[in-house]
Amino acid sequence: MQLKQALASAVERLDAADVGSPRMNAEVLLLFVIGADRAYLYAHPERELTSEEAARYEEVLAQRATGMPSQYITGHQEFWGLDFVVSPAVLIPRPETEHLVEAVLELARGVQRPKLVDVGTGSGCIALALAHELPDAEVYAVDLSAEALEIARANAARLQLDKRVRFLQCNVLDPVWEKTPDVIPSEDFSPSRGTCCSEFRDFDFVVSNPPYVAFSEADKVQKSVREFEPTMAVFAGLHGIDVIVPLVEQAHLALKPGGWLALEMGYSMREEVVNLLSPTMWEDIRVVPDLQGIPRVVAARKQ
Ligand SMILES: C[S@@+](CC[C@H](N)C(=O)[O-])C[C@H]1O[C@@H](n2cnc3c(N)ncnc32)[C@H](O)[C@@H]1O
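Residues numbered from 1 in each chain as written. Predicted model: local features only at pLDDT ≥ 70, side-chain atom pairs only at ≥ 80, totals over all residues. Heavy atoms only, no water.

Peer 1: In this structure, what is going on with helix 4 (residues 51–65)? I would like to understand it.
Peer 2: Residue pairs spaced three or four apart in an α-helix point in one direction, given the helix's 3.6 residues per turn. For helix 4, built from 15 residues, the straight-helix expectation of 21 Å at 1.5 Å per residue is met to within 8% by its first-to-last C-alpha distance of 21 Å. All of the buried residues along helix 4 are Glu 53, Tyr 57, Val 60, Leu 61 and Arg 64. Down the axis of helix 4, the smallest arc covering the buried residues is 105 degrees, so these residues share one side. Those residues of helix 4 that are exposed and angled more than 90 degrees off the buried face are Ser 51 and Glu 52. Those residues of helix 4 that are buried are in contact with helix 1 (3–16), helix 2 (22–34) and helix 5 (70–74). Just past helix 4, the residue Gly 67 takes up positive phi, approximately 105 degrees. (Helix = DSSP H or I, 4+ residues; strand = E, 2+ residues; numbered from the N terminus. Expected span 1.5 Å × (residues − 1). Buried < 20%, exposed > 50% of the residue type's maximum accessible area, 1.4 Å probe, protein only. Arc of directions from axis to C-beta. Contact = heavy atoms within 4.5 Å.)

Structure (structure tokens):
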């Protein structure tokens, strides 16, 4: 079968399976299978697929037809112009999260050697984009999921940022409490470099795209997100704030005076999140909308 024929029948098949943007998906998967780029596909539409390629295309189309996101099939997603490896252990980085990176870069202008931590790093996309843009920054990245941290570490190595970012498995920012029992130090945190607790202080930035969907709103979430992305990356308790509440509290301890907390939030969470930022502890609260005008990022400065 020729590439253009395989593509046309794949578009029909994905359309019939109710997959959104069937042409784009059919094309992405075909390019993945033949290991080529778009220009090649348009230059050689009559090239025949080998029998291995045809079988592999069949296999990945069947996966996509179940609703599995194409990024989990190809294993890649671009974020901030960088290529990230993804697996079902991590949330697929979203373009709207780039607003958070932009907001932090704006606030970091002029800060010498900023020390920052990304809470709930997942694929590592935020921490690594910031490490890439801020060559003198001291960057930490934490996640509760050991599987996610493995992917984040792999991304750091692929992007040659592994010497710049230190990873730790922990619950929110628990290392700010002394004698935290459930901190599992990674090999990056050797005792010779000091304890986790003393290192988890004096940050200029605490940055996070936490899980923020309420279990009570699970039916409003896209089926592919509900069924394929990690529950702990998406949902945070009945009301969606089970991670944000301790994060705001612990970030205040972890930041130096004048340091910034910047986090992504759900489309309807503005009031709830701003109310958590007590005016006796936080100042200069800013809310940044996304391209659709939805409040997406909140930033606040520790007094
Ligand atoms: C919305 S995802 C964000 C992933 C990535 N930062 C991004 O923007 O694509 C939230 C991440 O928080 C992690 N997470 C969930 N609960 C956590 C907790 N209590 N402490 C630390 N990390 C947590 C999840 O494992 C997941 O990787």
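Here the narrative resumes, following the displayed structure.
Peer 1: What am I meant to see in the packing of helix 6 (residues 98–108) against helix 7 (residues 125–133) here?
Peer 2: Each pair of packed helices can be described by the angle between their axes along with the distance between the axes. Following both chains from N to C, one finds helix 6 and helix 7 inclined at 40 degrees, their axes separated by 10 Å at the closest point. Here helix 6 is positioned oblique relative to helix 7, judged by the angle of their axes. Taken as a pair, helix 6 and helix 7 cross one another with a handedness that is right-handed. Only Ile 126, Ala 129, Leu 130 and Glu 133 of helix 7 make contact with helix 6, whose side of the interface consists of Leu 100, Val 101, Val 104 and Leu 105. In terms of residue class, the contact of helix 6 with helix 7 is built from seven nonpolar, no polar and one charged. (Axes fitted to C-alpha atoms, helices over the stretch in contact; angles between N-to-C directions. Parallel < 35°, antiparallel > 145°, perpendicular 65-115°, else oblique. Left-handed = near helix turned anticlockwise from the far one by under 90°. Nonpolar A, V, L, I, M, F, W, Y, C, P; charged D, E, K, R; others polar.)

Peer 1: Sorry if this is basic, but what is going on with the pairing of strand 9 (residues 295–302) here?
Peer 2: In terms of burial, strand 9 is largely enclosed, as seven of its eight residues are buried. In the sheet, strand 7 (residues 255–264) pairs with strand 9 via five bridges, with the strands oriented antiparallel. Bridge pairing links Leu 261 to Ala 300 in strand 9. Here six bridges tie strand 8 (residues 282–289) to strand 9, and the two strands are oriented antiparallel to one another. Each bridged residue has a counterpart across the sheet, and for Trp 282 the counterpart in strand 9 is Lys 302. Once strand 8 ends, the chain turns through five residues before running back antiparallel as strand 9, passing Gly 293 with a positive phi of about 80 degrees. (Pairing = 2+ DSSP bridges.)

Peer 1: Got a minute to help me understand the site of the ligand in this structure?
Peer 2: Around the ligand lies a shell of 20 residues, among which Gly 120, Asp 143, Asn 171, Val 172 and Asn 209 are the nearest. At 3.2 Å, a backbone N or O of Thr 121 approaches a nitrogen atom of the ligand. Protein contact buries 95% of the 590 Å² of open area that the ligand shows by itself. Mapped by element, the contributors of at least two residues to the shell around the ligand are helix 7 and helix 11 (231–234). A per-class count over the shell around the ligand returns twelve nonpolar, seven polar and one charged. (Near = heavy atom within 4 Å. Polar contact = N/O pair within 3.5 Å; in protein donor to acceptor, adjacent residues only side chain to side chain. Areas by Shrake-Rupley, 256 points an atom, 1.4 Å probe, with all protein chains shown as cover.)

Peer 1: How do you make sense of the environment of Ile 73 when you look at a structure like this?
Peer 2: With respect to the secondary-structure elements, Ile 73 resides in helix 5. Along the chain, Ile 73 and Ser 87 lie 14 residues apart, while their C-alpha atoms are 8.3 Å from each other. Contact partners of Ile 73, with chain neighbours within four places excluded, come to Leu 29, Phe 32, Val 60, Gln 63, Arg 64 and Met 68.

Peer 1: Any chance you could explain the pattern of salt bridges here in plain terms?
Peer 2: Proximity of charged atoms lets side chains of opposite charge pair with each other. Summed over all chains, the structure comprises 17 salt bridges. The closest approach of N and O atoms between Lys 4 and Glu 46, which form a salt bridge, is 3.0 Å. Of this pair, Lys 4 sits in helix 1 while Glu 46 sits in the loop between helix 3 (38–43) and helix 4, and the two are 42 residues apart along the sequence. When its relative accessible area of 49% is taken as the criterion, Glu 46 is described as partly exposed. Across the salt bridge formed by Arg 296 and Asp 290, the nearest N and O atoms sit 3.2 Å from each other. (Salt bridge = Lys/Arg side-chain N within 4 Å of Asp/Glu carboxyl O.)

Peer 1: Before we go on, may I ask you to explain empty space enclosed by the protein in this structure?
Peer 2: The probe, sized like a water molecule, is rolled over the atoms to show the empty space still left. Evaluation of the coordinates by the stated rule reveals one cavity of 30 Å³ or more. Taken as a whole, the largest cavity encloses approximately 30 Å³ of empty space. Taken together, the elements giving at least two residues each to the lining of the largest cavity come down to strand 7 and strand 9. Counting residues per element, the lining of the largest cavity draws most heavily on strand 9, at three residues. Considered class by class, the residues forming the lining of the largest cavity number eight nonpolar, no polar and no charged. (1 Å grid on protein atoms, 1.4 Å probe; cavity = no way out; pocket = protein on both sides within 12 Å on 5 of 7 lines; lining within 4 Å. Points joined across faces, edges and corners; volume = space filled by probe spheres on them.)

Peer 1: Explanation requested: the sheet that holds strand 7 in the structure shown.
Peer 2: The mixed open sheet is built from seven strands, whose spatial order is 5-4-3-6-7-9-8. Strand pairing shows two members of the sheet lacking a second neighbour, strand 5 (165–169) and strand 8, which therefore form its edges. With direction set aside, neighbouring strand axes in the sheet form an average angle of 15 degrees. Bridge count for strand 3 (residues 115–119) against strand 6 (residues 203–208) is four bridges, and the pairing is parallel. Its bridge partner lying in strand 6, Leu 116 is registered against Phe 205. Contacts between helix 12 (residues 244–254) and the sheet are confined to strand 3, strand 6, strand 7, strand 8 and strand 9, with strand 7 contributing the most and set at about 150 degrees to the helix.

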